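Inside the fold
Here are the chains, one letter per residue:
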Amino acid sequence: VQLQASGGGLVQAGDSLKLSCTVSGLFFTNYALGWFRQAPGKEREFVAAINRSGYNTAYVDFAKGRFTISRDNAKNTMYLQMNNLRPEDTAAYFCAAQISGTGSTYNLDWQYRYWGQGTLVTVSS
């Protein structure tokens, strides 16, 4: 199983980025997916989650209204559109996958079995 996160980079405050997570080695539509992030010196934290079909999503408060999680089951890919980025959004962003029931989303890192490597997002002020 491989989860490949990409799309990070250096941007200025107020800019947008779209992260992608391409998954292989599992039956994609059987898995709920999530995004987490970890800033230097801080613990990993939940950002957003999406259920198997994509109709059910969940966000942490700081992501609501700025970030949008989505998935394309035909491409085995999940996305995180991030708008109006702030310096405090600077972190490594990780994608994760967990086999699940139809409507489930998960917001705790221990609930996910599979993880990708991080993609670094740096937001300058």
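Residues numbered from 1 in each chain as written. Predicted model: local features only at pLDDT ≥ 70, side-chain atom pairs only at ≥ 80, totals over all residues. Heavy atoms only, no water.

1. Regarding the packing of aromatic side chains
Rule in force here: Any pair of Phe, Tyr and Trp rings, taking the six-membered ring for Trp, is counted once the centres come within 6.5 Å. Such a pair is stacked with planes under 30 degrees apart, edge-to-face with planes over 60 apart, and tilted for the rest. Numbering of helices and strands starts at the N terminus; helices are DSSP runs of H or I of at least 4 residues and strands are runs of E of at least 2. Relative accessible area decides the class of each residue, using a 1.4 Å probe on protein chains only: under 20% of the type maximum gives buried, over 50% gives exposed, and in between gives partly exposed. In our convention, an over-ring charge means Lys NZ or Arg CZ found within 6 Å of a ring centre and within 35 degrees of that ring's normal.
Under the criterion given, the structure shown has 7 aromatic pairs. Plain terms: the ring middles of Y31 and Y114 are 6.1 Å apart, the flat faces sit at 55 degrees to each other, and that makes the pair tilted. Of this pair, Y31 sits in strand β4 (residues 31-38) while Y114 is found in strand β10 (residues 114-115), placing the two residues 83 residues apart along the sequence. Pair check on accessibility: Y31 and Y114 agree, each one buried. By way of ring pairs, the aromatic residues F36, F46, Y106, Y112 and W115 are connected into one cluster. Taking the ring centre of Y79 as reference, the NZ or CZ of K18 above it sits at 4.6 Å. The ring of F28 is capped by R71, whose NZ or CZ atom sits 4.5 Å from the centre of that ring.

2. Topic: the sheet that holds strand β3 (residues 17-24)
Heads up, the condition is: Strands were regarded as paired on the criterion that DSSP finds at least two bridges between them. The angle between two axes is taken between their N-to-C directions and runs from 0 to 180 degrees, where each axis is a line fitted to C-alpha atoms and a helix contributes only its stretch in contact.
The sheet built from 4 strands is open, its strands ordered β1-β3-β8-β7 with antiparallel pairing. Looking at the sheet topology across the chains shown, the edges are occupied by β1 (2-6) and β7 (67-72). Within this sheet the neighbouring strands show an average axis-to-axis angle of 15 degrees, counted without direction. As judged from the 6 bridges shared by β7 and strand β8 (residues 77-82), these two strands associate in the antiparallel manner. The partner of F67 across the bridge, within β8, is M82.

3. Description of the nonpolar core
Rules: Side-chain atoms within 4.5 Å link the members of a nonpolar core, which is a set of buried Ala, Val, Leu, Ile, Met, Phe, Trp, Tyr and Cys residues. Only heavy atoms enter the contact rule, under which two residues are in contact if any of them lie within 4.5 Å.
Ranked by internal contacts, the top residues of the largest apolar core, which has 30 residues, are W35, V47, F67, M78, L80, M82 and Y93. Of all elements in the fold, only β1, β3, β4, β5 (45-50), β7, β8, β9 (91-99) and β11 (119-124) reach the threshold of two or more residues within this core. F67 has contacts with R37, V47, Y59, F62, L80, Q81, M82, N83, L85, D89 and Y93, leaving out every residue within four places of it along the chain. Counting residues in hydrophobic clusters, the runner-up holds 7 residues, among them A32, F36, F46 and A96.

4. Focus on the environment of Y55
Here Y55 shows up in the loop between β5 and β6 (57-59). When the C-alpha atoms of Y55 and A74 are compared, they prove to be 15 Å apart, with 19 residues separating the residues in sequence.

5. A short note on the environment of E45
Position of E45 among the secondary structure elements: in strand β5. For the pair E45 and L108, spaced 63 residues apart in sequence, the C-alpha separation works out to 8.3 Å. Not counting residues within four places of it along the chain, the set of residues in contact with E45 comprises F36, R37 and F62.

6. Brief notes about the pairing of β1
Burial along β1 is one-sided: the face carrying L3 and A5 is buried and the face carrying Q2, Q4 and S6 is not. Sheet analysis places β1 next to β3, joined by 5 bridges and oriented antiparallel. Across the sheet, Q4 pairs through a bridge with T22, a residue of β3.

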